[in-house]
Amino acid sequence: ASDVYKRQSLLVVASLALVACASDGDETPSSSADQSSAEFEQARIFLTSASEAHTSSVMSRDVLADVTLDEVHFHNNSVDAMARMEWQLQVLGTCRSADGELLDTSGAIAAVHDLRAELSAHQVGMITLVDNETAHASELNFHARQAPLFEELEAHAESFAAVAATYECAF
């Protein structure tokens, strides 16, 4: 599935590059590393906040069907936030320093992929549970497992923000 996602992502980037190259001579607006870094951070903050709110909501639920609905809504929101983070990481990965070195986004990309896998596994587990106690325990376990990934993504976001002004992006 990750190879398919990589090919789709590459296709999107290539399509955008073709559109930019096929302009009628007008300058195509470019994305700055500062802008992409800020948008990555916004998506990360949204996902972190949504995760905290989701855990709180699940822990306060007494009806398993409500837990399942919370999980479906959270997963839909998390998929969108993850896609925004991945897109901004792809843009940041095209940014070069004055020395010509690409901005290293590999660690952040790996953390996003790990978090995506955690979110997917958690969703499947949560919608197949048969009682509230197990749902609450599963949610607390997931919260503990995702916390280091959110911390890692926060560190990457801070790192990108610190160096973004010294990088120029390809588009």
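All figures in this text were calculated on a predicted structure; none of them were measured in a lab. (Residues numbered from 1 in each chain as written. Predicted model: local features only at pLDDT ≥ 70, side-chain atom pairs only at ≥ 80, totals over all residues. Heavy atoms only, no water.)

**Structural notes on the overall build of the protein chain**
A count of helical and extended segments in the protein chain gives five helices and two strands. Secondary structure elements of the protein chain, listed N to C terminal, follow the sequence α-α-α-β-α-α-β. Residues classed as buried in the protein chain amount to 35% of the 171 residues present. Contacts in the protein chain between residues at least 24 apart in sequence constitute 82% of all its contacts with a sequence separation of at least 6. Accessible surface computed for the protein chain: about 9600 Å², of which carbon and sulfur atoms make up 57%. (Helix = DSSP H or I, 4+ residues; strand = E, 2+ residues; numbered from the N terminus. Buried < 20%, exposed > 50% of the residue type's maximum accessible area, 1.4 Å probe, protein only. Contact = heavy atoms within 4.5 Å. Areas by Shrake-Rupley, 256 points an atom, 1.4 Å probe, with all protein chains shown as cover.)

**Remarks on the nonpolar core**
With 27 residues, the main nonpolar core has Leu47, Met85 and Leu115 as its most contacted residues. Going through the elements one at a time, α2 (33-60), α3 (64-92), α4 (106-127) and α5 (132-163) are the ones with two or more residues in this core. Every residue in contact with Leu47, bar those within four places of it in the chain, is listed here: Phe74, Ser78, Ala81, Met82, Met85, Leu115 and Phe150. In terms of nonpolar packing, the next biggest core, distinct from the first, is built from five residues, Val67, Met126, Leu129 and Ala135 among them. (Core = buried A, V, L, I, M, F, W, Y, C linked by side-chain atoms within 4.5 Å.)

**Considering the packing of aromatic side chains**
Remark: the centre distance and the inter-plane angle together describe each pair of aromatic rings, the angle taken between the planes. Summed over the entire model, instances satisfying the criterion amount to one aromatic pair. On the basis of an interplanar angle of 75 degrees and a centroid distance of 5.8 Å, the ring pair of Phe40 and Phe160 is categorised as edge-to-face. A residue pair is termed long-range when its members are at least 10 positions apart, and Phe40 in helix α2 and Phe160 in helix α5 qualify at 120 residues. The exposure class of Phe160 is buried, given its relative accessible area of 2%. Directly above the aromatic system of Phe46 lies the positively charged group of Arg84, at a separation of 5.4 Å from the ring centroid. (Phe/Tyr/Trp six-rings, centres within 6.5 Å; stacked < 30°, edge-to-face > 60°. Lys NZ or Arg CZ within 6 Å of the ring centre and 35° of its normal.)

**Thoughts on the state of the cysteines**
In the structure shown here, the tally under the stated rule is one disulfide. Paired by a disulfide, Cys95 and Cys169 hold their sulfur atoms 2.0 Å apart. Sign of the S-S torsion, about 70 degrees for the bond between Cys95 and Cys169, identifies this disulfide as right-handed. Highlighted residues: Cys95 in the loop between α3 and β1 (96-97) and Cys169 in the segment after β2 (167-168), separated in sequence by 74 residues. Exposure class is identical for Cys95 and Cys169. Each is buried. (Disulfide = S-S within 2.5 Å.)

**What to know about the side chain of Asp70**
Relative to the assigned elements, Asp70 resides in helix α3. Those residues in contact with Asp70, other than ones at most four positions away along the chain, are His54, Ser57, Val58 and Arg61.

**Examining the side chain of Gln88**
Considering the arrangement of structural elements, one finds Gln88 in helix α3. Dropping the residues within four chain positions of it, Gln88 is found in contact with Ser36, Glu39 and Phe40.

**Side note on the confidence of the model for the protein chain**
One rule of thumb: low pLDDT means the predicted coordinates there are not for detailed reading. For the protein chain, the mean per-residue pLDDT works out to 83, and 81% of the residues sit at or above 70. Across residues 10-30, where pLDDT falls below 50, the model places nine contacts with residues more than four positions away in sequence or in other chains. (pLDDT = per-residue confidence, 0-100.)

**Overview of α5**
The end-to-end C-alpha distance of α5 is 46 Å, a good match for the 46 Å that 32 residues give at a rise of 1.5 Å each. At Gln146, α5 is bent by approximately 30 degrees, the largest bend along its length, and proline Pro148 sits one to four residues beyond. For α5, the full list of buried residues reads Asn132, Ala135, His136, Glu139, Phe142, Gln146, Leu149, Phe150, Leu153, His156, Ala157 and Phe160. Contact partners of the buried residues in α5: α2, α3 and α4. The N-cap residue of α5 is Asp131: its side-chain oxygen and the backbone nitrogen of Glu133 are 3.2 Å apart. (Expected span 1.5 Å × (residues − 1). Bend = angle between axes of the 7 residues up to and from the residue. Polar contact = N/O pair within 3.5 Å; in protein donor to acceptor, adjacent residues only side chain to side chain.)

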